[in-house]
Each structure stands twice: as structure tokens, then as C-alpha cells.
Amino acid sequence: MEIETVKPTEAQLKARRSRSVAIALALVAFVVVVYAVSVVRMGPAVIERSF
Amino acid sequence: MAFLNRTILEDRGAGMSEATAGDFFALLKPRVMSLVVFTAFVGMVAAPVAVNPFIALTAILSIAIGAGASGALNMWYDADIDALMRRTASRPVPAGRVKPGEALAFGLVLSVLSVMALGFLVDWLAASLLAFTIFFYAVIYTMWLKRWTPQNIVIGGAAGAFPPVIGWAAATGSVTLEPVILFLIIFLWTPPHFWALALFKADEYGRAGIPMMPNVAGAASTRRQIFAYSVVVAIVGLLPWWLDYAGAPYGAVAAVLGAGFVWYAWKVLRMADGDREMRPAKLLFAYSLLYLFAIFAVYLADTVAERAFGLPGV
């Protein structure tokens, strides 16, 4: 049985790396923003909630 | 035991994208975004409510991403005409670095994300205004007005004028006359700014089939309209002082800036019909950018000075 796979070019690999880093940074920034706003909105109550 | 024969093919551009993060960033129209961020920031600081810095940062970030998302949707839809103009031919989609589908998905995802973030984390009135702005720019302006009427940038200018109102709404949860005047300054500034550009880029707009004012009504009519709008902008720029939202120093600077605007527009009005270089139009285009930045900067300085030093009207 023969399968065909595609080997990305150097330019494609480089571009994918750049996109991956950007997505990672954006996600980290998003998490930080949501965390920071949650703390600001809830204040000390953020650790006083009953679960 | 089965053996697999693998044939490795070199991907020559048909499959995996070669778009870099920089190409996607370019889809957000960073230069337009910087003006959006600045005017939204001024609207937020001018509001009579102290906003927590994290909330303010989140609001500005959401507004910037929403504005960028509408830019990406604009570049997706306009790729055909962007390819025909030197000014826009190197944009990521017409240049082939980003596929149209990628730009569309990027714009849609960021639109939803920015509106949701602004709504859940800051304020829903601001979020609904941001959603309306994105819709207005991407659908009303880009898809409808731009290729249909020479009033395209007059009406479409509303999209660029909303950021200070969104900033104000993010801080206060409401909209009053003060941010509406900031809206009016940008709204009325848009026609002379873009028509100055359209005068010296008329050939390119004509080639792309976009009905800009010089291509439809002629250069002479456009020059008259530029002058009329410039006079109105100069007057509206003084409204914050007249209505006591800003102090005398703001009024003085706004008067000087407005006089400069009218002066450059006058030079455009007096421009000869056969002027190929159109230096007055290029000067007005450059000055108009300086004007908008400067008048918002003075408004910001006036507000901050009043808060920091308790100086009424300074």
C-alpha cells in the first residue's frame, strides 16, 4: 500500500512557526486579561466564595 | 505485517499557508488601529468616571481588536479592487500571502471575540456600539457604499468616528453629548481627509471603478466640498470649548488648528485645474492627520490638567 505525504517547504515551516508563536502569545495575553479583570471585578471576594 | 511506501511530495504553495503572523497583523490595518486606540482612549479618559487601569486596558484592547477585525473583513472583501491600486496592491490578500478564506475567518473570529470580551469584561453598551461599528464598516461601507456612491466616505466615516463614543460608554455605561461632539469632529473630518487623497489618487480609484467624489463630480466640485467641510470641521472643533467641556487653552489651540485646516483647504480650492502634482491636496492630506491627532491630544491634555491640578477649564 502506498500513501502520499506532503513535505512542507522551508517557507511554509517558518510561516507556521511564526503563526504558532503569535497564537500562543495571544492566548497567554487573553488568559492574563481575563484573570486580571476577574480579580479587579471581584476584589477580595475572589477567594471568599463558597464552592 | 504490512509495509507502507511513502511518497513525499514537496508542497509548492497549493496546501499549507505561507502567511506569517506579520501578514495577519497587517490585515488589522495597524495605522488605522493606532488612531482608533488613541481616540477611544481620549473618549475614555474624558468621561467623568475613574476607570480601573486593567478595565481601561481591556476596553482599549477590545476596541483595537474589533477595529482590526473590521479592517480584515474589509481587506477580504476588497481584495479584487485592492489589487488594482498601487497604494493597496501589496496588502496580504491581493499580494497572495493570505488566502481570502483565511482573512474572512480571521476577521469574523476577532469580531466575535472582541465584542464578547468588551461585553463580558467591561460594558455591554460599549460592546453593542463596537459590534455596530464593525457591521457598519464591513457591511454598510465596504460591501454597499464604497462601490455605489461618491458619498461613500461621508456616510462610512461614521465607522471611524465611533471609537471615542465606545471609549466613553466603556467608562460610564452611557452616551452623552460630549462624546457625540468627539464623534462629530472625526465624522466631519473624514470627507476632506479622504477627498484630498482621492484628488491625487483619482487615476487609481478610476481604474478600480470606485466612485470617489473627484471621479464622479469632478475635481472642481470636490475642491469646493473639501473647503466647505473644512470650515465646518474648524467650527465643530471649537464646540467643546463653547459648550464648556474644555477650557480656554483647548479653545485657543483648536482655533489655530482649525484655521490651519481652512488655510490648507483654501490652497486646495485655489489649486489649478491642470495641476498634475497636486501639492496642496497632498499637504492637506498630511495636515488633516496632524489635525486629528493634535485636537484629540489637546482635549486629552485639557481633561488631564483639570483633573490633576483642579484647574477649571485648563
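Since the structure is predicted, the reported quantities are computational estimates derived from the model, not experimental observations.

## Here we look at the packing of aromatic side chains
Residue and element names in this part refer to chain B. Under the criterion given, the structure shown has 18 aromatic pairs over all chains. For the ring pair Phe132 and Phe136, a centre distance of 5.7 Å and an interplane angle of 45 degrees mean the geometry is tilted. Taken as a pair, Phe132 and Phe136 lie in helix 6 (residues 124-145) at a separation of four residues, close to a single helical turn. Classification of Phe132 as partly exposed rests on a relative accessible area of 39%. The class of Phe136 is buried, set by a relative accessible area of 11%. Sitting over the face of the ring of Phe200, Lys282 holds its NZ or CZ atom 5.8 Å from the ring centroid.

## Observations regarding helix 2 (residues 30-46) of chain B
Spanning 17 residues, helix 2 of chain B covers 24 Å between terminal C-alpha atoms, matching the ideal 24 Å at 1.5 Å per step. In this fold, the buried residues of helix 2 of chain B make contact with helix 3 (53-77), helix 8 (163-172), helix 9 (177-200) and helix 15 (279-309) of chain B.

## Observations concerning the nonpolar core
Residues and elements named next belong to chain B. In this structure, Leu118, Ile166, Tyr250, Tyr291, Ile295 and Phe296 are the most contacted members of the largest nonpolar core, which totals 86 residues. Formed jointly, this core draws a minimum of three residues from each of two domains, domain 1 (27-172) and domain 2 (176-299). If sequence neighbours within four positions are ignored, Tyr250 has contacts with Ile185, Gly237, Pro240, Trp241, Ile295, Val298, Tyr299 and Asp302. Residues Phe24, Leu27, Met75 and Ala79 belong to the second largest nonpolar core, which totals nine residues.

## Section: a nonpolar patch on the surface
All names here are of chain B. There is a patch of nonpolar side chains on the surface, built from Leu125, Val175, Leu177, Val180, Ile235, Trp241, Trp242 and Leu243 and spanning about 690 Å² of accessible area. Put simply, the parts of the chain that give the nonpolar patch at least two residues each are helix 9 and helix 13 (239-242). Summarising the element assignment, Trp241 is placed in helix 13. On the basis of relative accessible area, Trp241 is assigned to the partly exposed category, the value being 35%.

What counts, and where the lines are drawn
Residues numbered from 1 in each chain as written. Chains lettered and ligands numbered in written order. Predicted model: local features only at pLDDT ≥ 70, side-chain atom pairs only at ≥ 80, totals over all residues. Heavy atoms only, no water. Phe/Tyr/Trp six-rings, centres within 6.5 Å; stacked < 30°, edge-to-face > 60°. Helix = DSSP H or I, 4+ residues; strand = E, 2+ residues; numbered from the N terminus. Buried < 20%, exposed > 50% of the residue type's maximum accessible area, 1.4 Å probe, protein only. Lys NZ or Arg CZ within 6 Å of the ring centre and 35° of its normal. Expected span 1.5 Å × (residues − 1). Contact = heavy atoms within 4.5 Å. Core = buried A, V, L, I, M, F, W, Y, C linked by side-chain atoms within 4.5 Å. Domains from an automatic or database assignment. Patch = residues over 30% accessible without salt bridge, like charges linked within 9 Å, V, L, I, M, F, W, Y side chains within 5 Å. Areas by Shrake-Rupley, 256 points an atom, 1.4 Å probe, with all protein chains shown as cover. Salt bridge = Lys/Arg side-chain N within 4 Å of Asp/Glu carboxyl O.

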